[in-house]
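# Observations on chain architecture
What follows is the residue order along each chain.
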Amino acid sequence: MIVVVGLAFEAKIVADAGMRVICSGDGRNLAASLTQAIDDECGGLISFGVAGGLHPDLEPGTCVVAAEILSGAARFPTDPTWSRKLADTIPGAVRGAIVGVPKPVAHTAAKRTLHESTGALAVDMESHIVAEIGAAHALPVAAIRVITDPADRALPKAALAAMRPNGTTDILAMMRQVMRQPKELPALMRTALDARAARATLVRGRRLLGPGLGLAEFATSATPSFGG
C-alpha cells in the first residue's frame, strides 16, 4: 500500500507502519511520483493527514473519512468496505466528501463558498490526486483527514509562510512574518493548538488501525477485481 501525505510530520506518524509513504509537499510532482511508485504488489492508496474544515460543525481534531473525493466537477467514490473499517475504528470519525484543491484555502469566506458549492466536509491538497491515480489504476482508495483549521478560522499568513514546498516547516519564515505583522501572533498560537489537536487524532488513529491502516483486514475480504 502507498500512503500519501502533504507534510513531513504526517509522514513521521505513518513511517513505522510498514508502508511506502510519499510526502507531496506542495503537490506539484505528486501525480508523477505516485504513478511511478505503483507496482503489481500495490494493494491500495490512502490519503492521510490534516485538512481544512469546511463544515461549520467540525472542530479541530475531528477525523473525516472520505465517502467520496471531489476534484473539480469529478467525483471519485472511495472503497466503501475499507472506508467503513476506518470510520468504525477511529472514535468520533465522520464520513463525507473531501474536496481537493491545488492551493491552501486560507480564508473563511473561501471555505464557506467551497462548502456551499460542493457539500464537502473538508479540503486538502492531496486526496484528489490520490483518487484520480487510484481510478486510473483500478486500485481501492481511502482517505483519512483530520481537521486542523476549522471553517470559522482563517489561516494566518505566518502559518502559510512556514510551509516549505517539500512539506517541512520553515520556522524562520514564520517568525519573520510575525515580526512584520505582530497582531497575527494570537491567531498563530490558536492555529498551533488546533494543529496539536489534529496531530493527536492522527497518532491515535494510526495506532488503532495498526500496520496497513486497515487495508489488511479489508484485503482479506476484497473481491478479485480489486488489487494492483
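Check the entry above for the structure.
In what follows, the accompanying structure is described. (Residues numbered from 1 in each chain as written. Predicted model: local features only at pLDDT ≥ 70, side-chain atom pairs only at ≥ 80, totals over all residues. Heavy atoms only, no water.)

## Side note on the nonpolar core
Heads up, the condition is: Among the buried residues, those of types Ala, Val, Leu, Ile, Met, Phe, Trp, Tyr and Cys that are joined through side-chain atoms within 4.5 Å form a nonpolar core. Note on classification: 1.4 Å probe, protein chains only; a residue is buried when its accessible area is under 20% of the maximum for its type, exposed when over 50%, partly exposed between these limits. Segments assigned H or I by DSSP are reported as helices when at least four residues long, segments assigned E as strands when at least two residues long, and all are numbered from the N terminus. Here a residue-residue contact requires only that any non-hydrogen atoms of the pair lie within 4.5 Å.
Residues Ile2, Leu34, Ile38, Leu45 and Val64 are the most contacted members of the largest nonpolar core, which totals 26 residues. The set of elements that each furnish at least two residues to this core consists of strand 1 (2-5), helix 2 (30-37), strand 3 (45-53), strand 4 (63-71), helix 5 (127-136) and strand 8 (141-149). The dominant element in this core, judged by the number of residues it contributes, is helix 5, at four residues. Setting aside its immediate chain neighbours within four residues, isoleucine 2 contacts Arg20, Ile22, Leu34, Ala37, Ile38, Cys42, Gly44, Leu45 and Ile46. Met1, Val65, Ala198 and Leu215 belong to the second-largest nonpolar core, a separate cluster that totals 24 residues.

## So, helix 5
With seven of its ten residues buried, helix 5 lies for the most part within the structure. Turning to helix 5, its buried residues number three or more, namely Ser127, His128, Ile129, Val130, Ala131, Ile133 and Gly134. Looking one or two residues beyond helix 5, the residue adopting positive phi is alanine 138, at roughly 55 degrees.

## Section: the packing of helix 2 against helix 5
Just so we agree on the cut-off: Axis angles are defined between N-to-C directions and span 0 to 180 degrees, where every axis is a line fitted to C-alpha atoms and, for a helix, only to the segment in contact. Roughly parallel means an angle under 35 degrees; roughly antiparallel means over 145; roughly perpendicular covers 65 to 115; every other angle is labelled oblique. Helix crossings get a hand from a simple test, with the near helix turned counterclockwise from the far one by less than a right angle marking a left-handed crossing and a clockwise turn marking a right-handed one. Gly falls in the polar group here, along with every residue not listed as nonpolar (Ala, Val, Leu, Ile, Met, Phe, Trp, Tyr, Cys, Pro) or charged (Asp, Glu, Lys, Arg).
Contact pair helix 2 / helix 5: the axes reach a minimum separation of 10 Å and the direction vectors enclose 40 degrees. It follows that helix 2 is oblique to helix 5 by the angle criterion. Note on packing geometry: the crossing formed by helix 2 with helix 5 is right-handed. Only Ile129, Val130 and Ile133 of helix 5 make contact with helix 2, whose side of the interface consists of Leu30, Ala31, Leu34 and Thr35. Classifying every residue of the contact of helix 2 with helix 5 gives six nonpolar, one polar and no charged.

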